[in-house]
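# Observations on the model geometry
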Amino acid sequence: GDGCWQPDRMDMKRLYLLVIVFGLSASTAQAAALANLDQSAAALGVANAFTATATDPSAMYYNPAGIAWQEGVGVMFAGAMRYRDSSVVLPGGKAPNSASPNNLASLYVGWMPKSSNWGLGFGAFSSYSINNDWASAFGGSGQVTKFDTPHLALDVIYALNSDMALAVGGDWYAFSNIGLGPFM
């Protein structure tokens with residue numbers, strides 16, 4: 001007719017299907033400023049999509065039952081030195097965050113004997129941390145925020161079969177280095 005595209009019935013079905021698929025898709029947003037997601041180089045290599053394929057002792061962080069498919073003893077020490085520029089732009093210029101970022105260390109141990117369905121896993125890591133000092137940004141009246149959560153985990157692992165395993169254990173969090181208040 002008039003040179004305009006007129007969707008037919010099939011185009012409309014495709015459009016509805018597309019809207020339904022995107023509308024029902026899982027979507028999340030996470031402010032990960034406190035989360036220490038860099039627990040394993042292998043996990044970082046797959047954008048932390050490591051829960052189902054945890055192939056090193058850091059499975060204690062991502063999915064402790066993953067130790068079931070790591071035969072023998074596995075020990076992993078990981079460290080992360082962080083750099084950040086979390087300065088604040090104010091009308092008078094740029095003011096720095098004078099606190100250093102938290103550097104991290106993690107230790108993971110997994111033990112799955114060769115001829116057994118039973119195993120053990122241990123992890124010592126920090127799940128969340130932050131260190132900010134905004135005193136210089138606000139003329140000495142700024143806030144200091146420190147937060148660190150050392151985390152110890154001990155799990156017993158049982159492989160039900162070649163496709164499924166269970167992990168049961170305990171976790172201990174030490175909410176240490178918590179500070180919020182004016183800089184002194």
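The structure under discussion appears in the preceding block.
An account of the accompanying structure is given in this report. (Residues numbered from 1 in each chain as written. Predicted model: local features only at pLDDT ≥ 70, side-chain atom pairs only at ≥ 80, totals over all residues. Heavy atoms only, no water.)

## Observations concerning the overall build of the protein
Convention followed: Each helix is a run of DSSP H or I of at least 4 residues and each strand a run of E of at least 2, with the numbering of both proceeding from the N terminus. The buried label goes to any residue with under 20% of its type's maximum accessible area, the exposed label to any with over 50%, and the partly exposed label to all in between, with areas taken from a 1.4 Å probe on protein chains only. Contact definition: two residues touch when any of their heavy atoms are within 4.5 Å. In this description, accessible areas are obtained by the Shrake-Rupley approach with a 1.4 Å probe, and a residue is regarded as covered only by the protein chains that are shown.
The secondary structure content of the protein amounts to three helices and eight strands. In sequence order, the protein lays out its α and β elements as α-α-α-β-β-β-β-β-β-β-β. Residues counted as buried form 31% of the 184 residues belonging to the protein. Within the protein, residue pairs in contact and separated by at least 24 positions form 59% of the contacts whose partners lie at least 6 positions apart. For the protein, the exposed area adds up to about 12,000 Å²; of that, 63% sits on carbon and sulfur atoms.

## Re the packing of aromatic side chains
To be explicit about the condition: Ring geometry is summarised as follows: Phe, Tyr and Trp rings, the Trp one being its six-membered ring, pair when their centres sit within 6.5 Å, and such pairs are stacked at plane angles under 30 degrees, edge-to-face over 60 and tilted between the two.
Throughout the structure, instances matching the rule amount to five aromatic pairs. Ring centres of Phe50 and Tyr62 lie 5.3 Å apart, and the angle between their planes is 80 degrees; this geometry places the pair in the edge-to-face category. Residue Phe50 is located in the loop between helix 2 (41-45) and helix 3 (59-62), and its partner Tyr62 is located in helix 3; the two are separated by 12 residues in the primary sequence. Across the pair, Tyr62 and Phe50 agree in class, each one buried. When the centroid spacing of 5.3 Å and the interplanar angle of 85 degrees are considered together, the rings of Tyr61 and Phe125 count as edge-to-face. With Tyr61 in helix 3 and Phe125 in strand 5 (residues 118-133), this pair connects stretches of sequence that are 64 residues apart. Here a set of aromatic residues connected by ring pairs shows up, and it is made of Phe50, Tyr61, Tyr62, Tyr108 and Phe125.

## Overview of the nonpolar core
Let me state the cut-off plainly: Side-chain atoms within 4.5 Å link the members of a nonpolar core, which is a set of buried Ala, Val, Leu, Ile, Met, Phe, Trp, Tyr and Cys residues.
Core analysis: the biggest nonpolar cluster contains 18 residues, and Phe50, Met60, Ile67, Ala68, Tyr108, Ala159 and Ala165 have the highest contact counts within it. Put simply, the parts of the chain that give this core at least two residues each are helix 3, strand 1 (72-80), strand 4 (104-112) and strand 6 (143-159). Ignoring any residue separated from it by four or fewer positions in sequence, one finds Ala165 in contact with Ala65, Ala68, Trp69, Tyr158, Ala159 and Leu160.

## Let's talk about the pattern of salt bridges
Note that side chains of opposite charge can pair when their charged atoms are close. How we decide: The salt bridge criterion pairs a side-chain nitrogen of Lys or Arg with a carboxyl oxygen of Asp or Glu, the two atoms within 4 Å.
This structure, assessed with the given rule, holds one salt bridge. The partner of Asp11 in a salt bridge is Arg14, with the nearest N and O atoms 3.9 Å apart. Taken as a pair, Asp11 and Arg14 lie in helix 1 (residues 9-24) at a separation of three residues, close to a single helical turn. Assessed through its relative accessible area of 54%, Arg14 is described here as exposed.

## Some thoughts on the environment of Ser106
Under the convention used in this document: Throughout this description, a polar contact denotes any pair of N or O atoms lying within 3.5 Å of each other; where both atoms belong to protein, one of them has to be capable of donating a hydrogen while the other can accept it, and for residues adjacent in sequence the pair is counted only when both atoms sit in side chains.
Along the chain, the position of Ser106 falls in strand 4. Setting aside chain neighbours within four positions, we find Ser106 in contact with Gln39, Met76, Phe77, Ala78, Ala124 and Phe125. Here Gln39 takes part through its side chain, which lies 2.9 Å from a polar atom of the side chain of Ser106.

## Some words on the pairing of strand 5
Heads up, the rule is: Whether two strands pair comes down to DSSP finding at least two bridges between them.
Direction of pairing for strand 4 relative to strand 5: antiparallel, over a ladder of five bridges. Bridging across to strand 5, Trp111 finds its partner in Leu120. Joining the antiparallel neighbours strand 4 and strand 5 is a turn of five residues.

## Regarding the side chain of Ser127
By the secondary structure assignment, Ser127 is in strand 5. Owing to a relative accessible area of 5%, Ser127 belongs among the buried residues under this scheme. Of the polar contacts made by the side chain of Ser127, one reaches the side chain of His151; its length is 3.1 Å. With residues near it in sequence (within four places) discarded, Ser127 still touches Leu34, Ala35, Asn36, Tyr61, Thr149, His151 and Tyr173.

## Observations concerning the side chain of Ser126
In this fold, Ser126 is placed in strand 5. In contact with Ser126, not counting residues within four places along its chain, are Asn36, Gln39, Leu104, Asp148, Thr149 and Pro150.

## Considerations on a nonpolar patch on the surface
Our working rule: Patches draw on residues past 30% relative accessible area with no salt bridge. Two like charges within 9 Å are joined, as are two nonpolar side chains (Val, Leu, Ile, Met, Phe, Trp, Tyr) within 5 Å.
A contiguous nonpolar patch, built from Val73, Val75, Phe77, Leu107, Trp111, Trp118, Leu120 and Val156 and spanning about 820 Å² of accessible area, is present on the exposed surface. Residue assignment for the nonpolar patch shows that the elements contributing at least two residues are strand 1, strand 4 and strand 5. Mapping Val75 onto the fold places it in strand 1.

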